[in-house]
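Listed below, chain by chain, are the residues.
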Amino acid sequence: PCWLTASFEMEGRELGSARLKLTGAGKGSVWVNGFNIGRYWKVGPQDDIWIPSEKLQAHNQVVLLEEESLTPER
């Protein structure tokens, strides 16, 4: 298992939500700005996690707990 962090900026709040693509990720959990957005697993149809607009700010931090495997180049 490993922890991964990233951040991104949003200039405007005109977007209703944001999508986090998890292509190449194995199994784990995602937090955005300290809020647990959900879990993901490569087995199944889900490749993305949607982040509700209420959880987004001007500066956002994403934290992933990857439990199985990760292919960062993807």
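Residues numbered from 1 in each chain as written. Predicted model: local features only at pLDDT ≥ 70, side-chain atom pairs only at ≥ 80, totals over all residues. Heavy atoms only, no water.

**Examining the overall build of the chain**
1) Next: Within the chain one finds zero helices and six strands.
2) Next: If you list the helices and strands of the chain from N to C, you get β-β-β-β-β-β.
3) Next: The proportion of buried residues among the 74 residues of the chain is 35%.
4) Next: Of the contacts formed within the chain by residues at least 6 apart in sequence, a portion of 75% connects residues at least 24 apart.
5) Next: Accessible surface for the chain amounts to roughly 5000 Å². Of this, 53% is attributable to carbon and sulfur atoms. (Helix = DSSP H or I, 4+ residues; strand = E, 2+ residues; numbered from the N terminus. Buried < 20%, exposed > 50% of the residue type's maximum accessible area, 1.4 Å probe, protein only. Contact = heavy atoms within 4.5 Å. Areas by Shrake-Rupley, 256 points an atom, 1.4 Å probe, with all protein chains shown as cover.)

**Here's the deal with the pairing of strand S2 (residues 17-21)**
1) Next: Side chains Ala18 and Leu20 of S2 all project onto a buried face; the interleaved residues Ser17, Arg19 and Lys21 project onto a face where none is buried.
2) Next: In terms of strand pairing, S2 meets strand S5 (residues 48-52) through five bridges, oriented antiparallel. From the neighbouring strand, Lys21 faces S5, where its bridge partner is Asp48. (Pairing = 2+ DSSP bridges.)

**Focus: the nonpolar core**
1) Next: Counting 14 residues, the largest nonpolar core has Leu22, Val30, Val32, Tyr40 and Ile51 as the members making the most contacts within it.
2) Next: Of all elements in the fold, only S2, strand S3 (27-32), strand S4 (35-41), S5 and strand S6 (59-66) reach the threshold of two or more residues within this core.
3) Next: Among residues more than four places away in sequence, those in contact with Ile51 are Ser17, Ala18, Leu20, Val32, Ile37 and Leu56. (Core = buried A, V, L, I, M, F, W, Y, C linked by side-chain atoms within 4.5 Å.)

**Thoughts on the confidence of the model for the chain**
1) Next: On average, residues of the chain score 84 in pLDDT, and 85% of them reach the 70 mark or higher.
2) Next: Averaged pLDDT values over the elements of the chain bottom out at 86 in S2 and peak at 94 in S3. (pLDDT = per-residue confidence, 0-100.)

**Thoughts on the side chain of Ser29**
1) Next: Tracing the chain through its elements places Ser29 in strand S3.
2) Next: Within the structure, Ser29 has its side chain in polar contact with the side chain of Arg39 (distance 2.9 Å).
3) Next: Those residues in contact with Ser29, other than ones at most four positions away along the chain, are Gly38, Arg39, Tyr40, Val63, Leu64, Leu65 and Glu67. (Polar contact = N/O pair within 3.5 Å; in protein donor to acceptor, adjacent residues only side chain to side chain.)

**Digging into the sheet that holds S6**
1) Next: Strand order in this open sheet of four strands is S1-S6-S3-S4, and the pairing throughout is antiparallel. Among the strands making up the open sheet, the edge pair consists of strand S1 (2-9) and S4. Between one strand axis and the next, the sheet turns by 20 degrees as a mean value, whatever way the strands run.
2) Next: Of the strand pairs in this sheet, S1 and S6 are connected by eight bridges, and their pairing is antiparallel. Opposite Trp3, over in S6, you have Leu65 as the bridge partner. (Axes fitted to C-alpha atoms, helices over the stretch in contact; angles between N-to-C directions.)

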